[in-house]
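One letter stands for each residue in the lines below.
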Amino acid sequence: MNEERPKSGSPSARPSDPPAATLRVGIALGTWRTAVVASNGAREHFGSLVGWPRSAGARKLLGTDVLIGAEAFRFRLAVDLARPFEGGVVPGTEAFGSAAEREVHLRAVADLIRRAVRLARVAPGERVAGVLGVPAQAARLSRDLLIQAGSESMTVTEVVPEAWLAGRAAGAPAGAIVVDIGAGATVVCKLTPEPPGEGDLVVIPGGGDAIDLDLLKRLREKLPNGEFTVSGIRDLKERYGCLIDTDSALVGLPVAGRTAPVDVAESVSAASRAPLAGIVAAVKTLWPGGTTAESTIVLAGCGGQLKGLDLMLAEGLKALGGGRVLRVADPVFAGAEGALARTTAK
């Protein structure tokens with residue numbers, strides 16, 4: 001579990017030495033998940049959660065200074081946790097928290113990037129350079145801070161909204177719109193030739209986490225004696241998604257100490273469909289002239305894979321003029337693949 005930190009003060013290259021090879025990497029730092037794709041074929045992902053031992057005793061027990069992803073969650077009672085992009089921003093930037101919070105979460109960003117680089121299978125003597133894909137608000141508010149955080153492990157050449165990178169990786173046509181439903185926020189982004197400016201994207205507060213909380217609220221209102229967990233709520237959302245009105249979803253849920261059959265169709269469907277009105281409004285903002293049958297929407301992010309979401313969004317687009325809705329083939333790695341491709345586009 002030891003997380004090795006890079007050593008400083010390495011000797012300078014001699015004039016006769018050949019230039020060091022460069023490993024190109026694309027790293028997508030999502031609210032919930034971090035993914036890395038490298039030019040040597042490495043592809044890895046892990047949770048965007050960082051933990052640091054709370055005491056010397058915990059440090060001795062765990063045998064490491066840093067825990068990442070599933071390990072951090074497993075030992076959550078012994079560590080201080082940070083999800084550095086919770087809410088789609090780095091806490092402590094502008095009005096989003098304190099300076100102390102910012103330092104903690106930038107430290108977490110540095111640790112996530114360090115783990116991603118470590119998993120990229122860097123050969124001895126290789127340099128590492130690449131592009132970071134991050135939530136849109138973080139790209140706008142924290143670009144220089146993120147470059148600095150990554151500099152401990154690699155040369156960060158660019159910080160780009162992950163939604164735009166995912167759309168490029170999916171091969172969507174120019175002018176298409178990418179809807180990236182992340183855990184912390186939903187980003188609706190026009191696929192411009194270069195990374196989008198402020199007028200080319202709309203950030204809607206709340207993403208997959210907000211859907212989970214909405215579903216939890218609805219089920220608690222329906223079943224006051226229900227015993228629910230966040231992971232159980234997320235499983236219901238991902239299993240059933242945007243059900244049509246005639247569908248049923250009978251599942252066994254813990255209620256008052258026993259398992260009871262409950263039809264959760266109405267609750268799950270209502271929570272999963274809640275973001276649709278905001279998404280359609282954002283599309284209208286980016287396409288003020290309306291849409292046509294050839295207009296393309298690309299659903300990215302793991303939240304974009306909700307069952308039936310593509311059909312419900314296509315239905316909502318009819319009021320604007322129609323359009324087709326596609327999904328990225330691999331929502332886990334699409335942002336990282338777009339980031340890697342960007343390393344050769346500049």
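Since we're looking at a predicted model, the values are computed, not measured. (Residues numbered from 1 in each chain as written. Predicted model: local features only at pLDDT ≥ 70, side-chain atom pairs only at ≥ 80, totals over all residues. Heavy atoms only, no water.)

### Remarks on the overall build of the protein
Okay, so step 1: For the protein, the helix and strand inventory stands at 12 helices and 15 strands.
Okay, so step 2: Taking 2.2 N^0.38 as the reference for a compact globule, 346 residues should give roughly 20 Å; the C-alpha atoms of the protein span a radius of gyration of 22 Å, in line with that estimate.
Okay, so step 3: If one aligns the C-alpha atoms of the protein with their principal axes, the spans along those axes are about 75 × 55 × 35 Å.
Okay, so step 4: The 346 residues of the protein split such that 50% are buried.
Okay, so step 5: For the protein, the distance from the average site of its 39 positive side-chain charges to the average site of its 37 negative ones is 3 Å. (Helix = DSSP H or I, 4+ residues; strand = E, 2+ residues; numbered from the N terminus. Rg over C-alpha atoms; globule rule 2.2 N^0.38 Å. Buried < 20%, exposed > 50% of the residue type's maximum accessible area, 1.4 Å probe, protein only. Lys, Arg positive; Asp, Glu negative; His and termini not counted. Charge placed at Lys NZ, Arg CZ, Asp CG, Glu CD.)

### So, helix H10 (residues 276-286)
Okay, so step 1: Buried within H10 are the following residues: Leu276, Ile279, Val280, Ala282, Val283 and Leu286. Down the axis, H10 shows its buried residues gathered within 160° of arc, on one side only. Pointing more than 90 degrees away from the buried face of H10 are the exposed residues Ala277, Lys284 and Thr285.
Okay, so step 2: For H10, the elements touching its buried residues are strand E9 (177-181), strand E10 (185-190), strand E11 (201-205), helix H9 (265-273), strand E14 (296-300) and helix H11 (309-317). (Arc of directions from axis to C-beta. Contact = heavy atoms within 4.5 Å.)

### Remarks on the sheet that holds strand E2 (residues 33-38)
Okay, so step 1: Strand order in the open sheet formed by 5 strands is E3-E2-E1-E7-E8, with mixed pairing between adjacent strands. Looking at strand neighbours, the two that pair on one side only are strand E3 (43-47) and strand E8 (155-161), the edges of this open sheet. The sheet shows a mean angle of 20° between the axes of neighbouring strands, taken without regard to direction.
Okay, so step 2: The pairing of E2 with E3 spans 5 bridges and is classified as antiparallel. Counted as the bridge partner of Thr34 is Phe46 from E3.
Okay, so step 3: Contacting strand E1 (22-29), E2, E3, strand E7 (127-134) and E8, helix H12 (residues 334-342) runs over the sheet at an angle of about 145° to E1. (Pairing = 2+ DSSP bridges. Axes fitted to C-alpha atoms, helices over the stretch in contact; angles between N-to-C directions.)

### Quick word on helix H6 (residues 162-169)
Okay, so step 1: For H6, the tally of buried residues reaches 6 of 8 residues, placing the bulk of the element in the interior.
Okay, so step 2: Buried within H6 are the following residues: Glu162, Ala163, Trp164, Leu165, Ala166 and Gly167.
Okay, so step 3: Phi for Gly171, located one or two positions after H6, is positive at around 70°.

### A short note on the confidence of the model for the protein
Okay, so step 1: Per-residue pLDDT for the protein has a mean of 87; in total, 90% of the residues score no lower than 70.
Okay, so step 2: For the stretch residues 4-17, pLDDT sits under 50, and the model shows 7 contacts to residues farther than four places along the chain or on other chains. (pLDDT = per-residue confidence, 0-100.)

### Some thoughts on the sheet that holds E9
Okay, so step 1: The strand order across the open sheet formed by 5 strands is E11-E10-E9-E14-E15, and the pairing between neighbours is mixed. On the outer flanks of this sheet lie E11 and strand E15 (324-327), each paired with one strand and no other. Strand-to-strand twist of the sheet, defined as the mean angle between neighbouring strand axes without regard to direction, takes the value 20°.
Okay, so step 2: Relative to E10, E9 runs antiparallel, the two being bridged by 5 bridges. Opposite Ile181, over in E10, you have Thr186 as the bridge partner.

### A closer look at the pattern of salt bridges
Okay, so step 1: Throughout the structure, instances matching the rule amount to 17 salt bridges.
Okay, so step 2: Among the ionic pairs, Asp65 bridges to Arg59, the shortest N-O distance being 2.6 Å.
Okay, so step 3: On the basis of relative accessible area, Asp65 is assigned to the partly exposed category, the value being 40%.
Okay, so step 4: Residue classification places Arg59 among the partly exposed residues on the basis of a relative accessible area of 32%.
Okay, so step 5: Look at the salt bridges and you will find they share partners, linking Arg43, Asp330 and Glu337 into a network. (Salt bridge = Lys/Arg side-chain N within 4 Å of Asp/Glu carboxyl O.)

### Thoughts on the nonpolar core
Okay, so step 1: Membership of the largest hydrophobic core comes to 40 residues, with the highest contact counts inside it found for Leu236, Val264, Val283 and Ile297.
Okay, so step 2: At 6 residues, H10 tops the list of elements feeding residues into this core.
Okay, so step 3: Other than its neighbours up to four places away in sequence, Leu236 contacts Leu215, Leu219, Gly241, Val251, Leu253, Val264 and Val268.
Okay, so step 4: Counting residues in hydrophobic clusters, the runner-up holds 34 residues, among them Ile27, Ala116, Val128 and Ala139. (Core = buried A, V, L, I, M, F, W, Y, C linked by side-chain atoms within 4.5 Å.)

### Comments concerning the pairing of E2
Okay, so step 1: Burial runs high along E2: 5 of the 6 residues are buried.
Okay, so step 2: Sheet topology note: the E1/E2 ladder contains 5 bridges and is antiparallel. Within the sheet, the bridge partner assigned to Ala28 lies in E2 and is Ala35.
Okay, so step 3: Once E1 ends, the chain turns through 3 residues before running back antiparallel as E2.
Okay, so step 4: The hairpin formed by E2 and E3 contains 4 residues between the paired strands, and Gly41 there has a positive phi angle of roughly 95°.

### Topic: the environment of Ile297
Okay, so step 1: Examined against the element boundaries, Ile297 turns out to sit in strand E14.
Okay, so step 2: On the basis of relative accessible area, Ile297 is assigned to the buried category, the value being 1%.
Okay, so step 3: Each C-alpha atom of the pair Ile297 and Ala210 lies 22 Å from the other, and the pair is 87 residues apart in sequence.

### Section: the packing of aromatic side chains
Given two aromatic rings, their pairing is described by the distance between the two centres and the angle made by the two planes.
Okay, so step 1: Tallied over the full model, the rule gives 0 aromatic pairs.
Okay, so step 2: The aromatic ring of Phe333 is capped on one face by Arg43, whose charged end is 4.3 Å from the ring centroid.
Okay, so step 3: In this structure, Arg76 is placed above the aromatic ring of Phe73, and the distance from its NZ or CZ to the ring centre is 4.1 Å. (Phe/Tyr/Trp six-rings, centres within 6.5 Å; stacked < 30°, edge-to-face > 60°. Lys NZ or Arg CZ within 6 Å of the ring centre and 35° of its normal.)

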